[in-house]
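# Report on the structure
Here is what each chain is made of, one letter per residue.
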Amino acid sequence: LEEAERAMLASAADIDALKTRLRDEEEHQLELEQGLTCARERIDDLADDKKRIESLRVADQAEFASRLADRDAALERARQTSAGLQAQRDKLEGMVFELQNQLEAMTRKHEALTAA
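Keep in mind that what you see is a predicted model, and the values were worked out from it rather than measured. (Residues numbered from 1 in each chain as written. Predicted model: local features only at pLDDT ≥ 70, side-chain atom pairs only at ≥ 80, totals over all residues. Heavy atoms only, no water.)

### Examining the overall build of the chain
Across its full length, the chain carries one helix and zero strands. Taken over the C-alpha trace, the chain has a radius of gyration of 49 Å; the compact-globule value for 116 residues is 13 Å, which it surpasses by more than 25%. Structurally, the chain occupies a C-alpha span of about 170 × 20 × 10 Å along its principal axes. Considering the chain as a whole, with its 116 residues, one finds that 0% of them fall into the buried category. Of the roughly 10800 Å² that the chain leaves accessible, carbon and sulfur atoms contribute 59%. (Helix = DSSP H or I, 4+ residues; strand = E, 2+ residues; numbered from the N terminus. Rg over C-alpha atoms; globule rule 2.2 N^0.38 Å. Buried < 20%, exposed > 50% of the residue type's maximum accessible area, 1.4 Å probe, protein only. Areas by Shrake-Rupley, 256 points an atom, 1.4 Å probe, with all protein chains shown as cover.)

Set out below in structure tokens:
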């Protein structure tokens with residue numbers, strides 16, 4: 001009978017130990033599930049961040065392309081203006097050369113008339 005009582009007490013102690021271990025395992029599992037939930041939320045946040053970054057990158061590329069096109073257009077306008085100004089300068093230089101020739105001719109005529 002004593003042996004049966006000891007066996008029952010030992011079994012009760014084993015059952016209590018198993019209950020404690022089960023409770024510990026359940027708490028550990030709960031902690032793991034909470035950690036997994038946090039990790040999933042962080043992954044979702046990172047995925048959202050990645051989408052925002054990609055969107056900003058695309059917008060930056062579009063803005064850069066637009067600015068580059070604006071710069072190219074401004075450069076082309078400057079080239080055209082420069083070419084127009086160069087053509088006007090060449091024309092004016094030709095006119096000055098022509099006027100200098102006319103002035104020299106008139107000066108020679110005037111000298112000839114005054115000498116005569």
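Structure shown, so let's carry the discussion forward.
### Remarks on a negative patch on the surface
Together, Asp 24, Glu 25, Glu 26, Glu 27 and Glu 31 give the surface a local cluster of negative charge. The topology assignment puts Glu 31 in helix α1 (residues 2-115). Here Glu 31 falls in the exposed class, since its relative accessible area comes to 52%. (Patch = residues over 30% accessible without salt bridge, like charges linked within 9 Å, V, L, I, M, F, W, Y side chains within 5 Å. Salt bridge = Lys/Arg side-chain N within 4 Å of Asp/Glu carboxyl O. Lys, Arg positive; Asp, Glu negative; His and termini not counted. Charge placed at Lys NZ, Arg CZ, Asp CG, Glu CD.)

### Quick notes on the pattern of salt bridges
Any two side chains of opposite charge can pair if their charged atoms end up close together. For the structure shown, the criterion picks out six salt bridges. One salt bridge connects Asp 49 with Arg 52, and the closest N-O pair in it is separated by 2.3 Å. Separated by three residues within a single helix, Asp 49 and Arg 52 lie in helix α1, roughly one turn from each other. On the basis of relative accessibility, which here comes to 49%, the residue Arg 52 falls in the partly exposed class. The salt bridge involving Glu 76 is made with Arg 79; its shortest N-O contact spans 3.7 Å.

### Quick notes on the environment of Leu 85
Structurally, Leu 85 is set in helix α1. Between the C-alpha atom of Leu 85 and that of Glu 27, which follows or precedes it by 58 residues, the distance is 85 Å.

### Examining the environment of Glu 63
Its location among the elements puts Glu 63 in helix α1. Since its relative accessible area comes to 39%, Glu 63 is described here as partly exposed. For Glu 63, the side chain forms a polar contact with the side chain of Arg 67, separated by 2.6 Å. (Polar contact = N/O pair within 3.5 Å; in protein donor to acceptor, adjacent residues only side chain to side chain.)

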